[in-house]
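Examination of the molecular architecture
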Amino acid sequence: MSDAYMPMLAREAAAPFDSPEWLLEIKWDGIRALCTIGRSGEVSLRSRNGRELLGIFPEIGEIAGLAPESSVLDGEIVAMRRGKPDFQALMQRAQKTDPQQIAYLSGQDPVTYVVFDILECRGKPLIGLPLTRRKALLEREVHEGRHVVRSRPVEGKGKEYFEIVSREGIEGIIAKKKSSTYEPGARSGNWLKIKQFLTCDCVVFGYTRGEGERRSTFGALVLGLYDGSIPVYAGKVGTGFSGALRREIKERLAGLGEGKPLSGAGKGVIWVEPVIICEVAYISVTRAGILRAPRFMRLRLDKPPRECGTDQLKRES
């Protein structure tokens, strides 16, 4: 059994569509995690940046009795609040380190692992099978529990499904081609994310000094993306922050070492190590690769900076 899988990623699509060749699922607002069940039933739950999460979310350990040994599953850890995912509540759980507090919260404020794919089953690799075959095996081999559920896809009717999901306050859907194989680590056109607005995960390479009421924090974050191994400037974001979040981010920035400048960002930037990741919403992307009207959405603590590539974007023609 391989423990070297990387999650398959989705490209951005401009609008929902109807097609009998595609399955549609909710785009869960949580932490992507690959779950490995070993030969003796031991469980590993790893985020995209390789962090072991089972010690933080021990309730998901029940999966050992719900899935076959020597299997690898793909899914999303979510904190459900009032019937929909709450990412901030999930991040509060994710940052806990005290074992007693973690044990208490796992019982009083549990998370859910939504499983949507199976990469290995009983030691047999499945990534070369079409999605429909993998889904059938997932339904047959993986049972549901108190904290583990299977994603239930809808066939074909992307427009109607997107409207329903949007009315419920969920950020979007994922369209997956029925015939597609699983492409570890690839951002593939066989999986498409469709949201109410465009978003992008960016790396913070620096910040500008704040003025007025922002003097004690910062003015704007300087964003970058990786074009292959080369970091490139993607714009600045100065809106979407609460006062408390500004103070939290400034504390994180203050603890970083000095970073290298990005060409095109202009003067007056304080450069830092590129380790902080944030998700921003934007209207479009210029031909030069700059985000138009970016707005801060949230910090991302669940993925490595190098996964924040320019392949997330569609430039204006």
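Report on the accompanying structure. (Residues numbered from 1 in each chain as written. Predicted model: local features only at pLDDT ≥ 70, side-chain atom pairs only at ≥ 80, totals over all residues. Heavy atoms only, no water.)

**Here we look at the sheet that holds strand E12 (residues 172-177)**
What holds strands together in a sheet is hydrogen bonding between their backbones, with the strands either parallel or antiparallel. If you trace the five strands from one edge of the open sheet to the other, you get E1-E13-E12-E2-E11, paired in mixed fashion. The open sheet has two edge strands, strand E1 (9-12) and strand E11 (154-157), and neither has a second partner. When the angles between neighbouring strand axes are averaged without regard to direction, this sheet yields 45 degrees. Judged from the five bridges that link them, E12 and strand E13 (residues 187-195) form a sheet pairing that is antiparallel. (Pairing = 2+ DSSP bridges. Helix = DSSP H or I, 4+ residues; strand = E, 2+ residues; numbered from the N terminus. Axes fitted to C-alpha atoms, helices over the stretch in contact; angles between N-to-C directions.)

**Focus: unusual backbone geometry**
A positive phi angle, near 55 degrees, is found at Arg122, a position not held by glycine. By the element assignment, Arg122 lies in the loop between strand E8 (112-121) and strand E9 (124-125). Residues other than glycine seldom take positive phi values, yet Ala293 does so here, at roughly 50 degrees. Here Ala293 shows up in the loop between strand E19 (291-292) and strand E20 (295-300). Accessibility expressed as a relative area gives 49% for Ala293, which makes it partly exposed. (Buried < 20%, exposed > 50% of the residue type's maximum accessible area, 1.4 Å probe, protein only.)

**Digging into helix H3 (residues 131-141)**
When we look at burial in H3, the residues that qualify are Leu131, Arg134, Lys135, Leu137, Leu138 and Glu141. Looking straight down H3, one finds its buried side chains confined to an arc of 165 degrees; they lie on one side. Away from its buried face by more than 90 degrees, H3 exposes Glu139 and Arg140. (Arc of directions from axis to C-beta.)

Read these as geometric descriptors, not functional statements.
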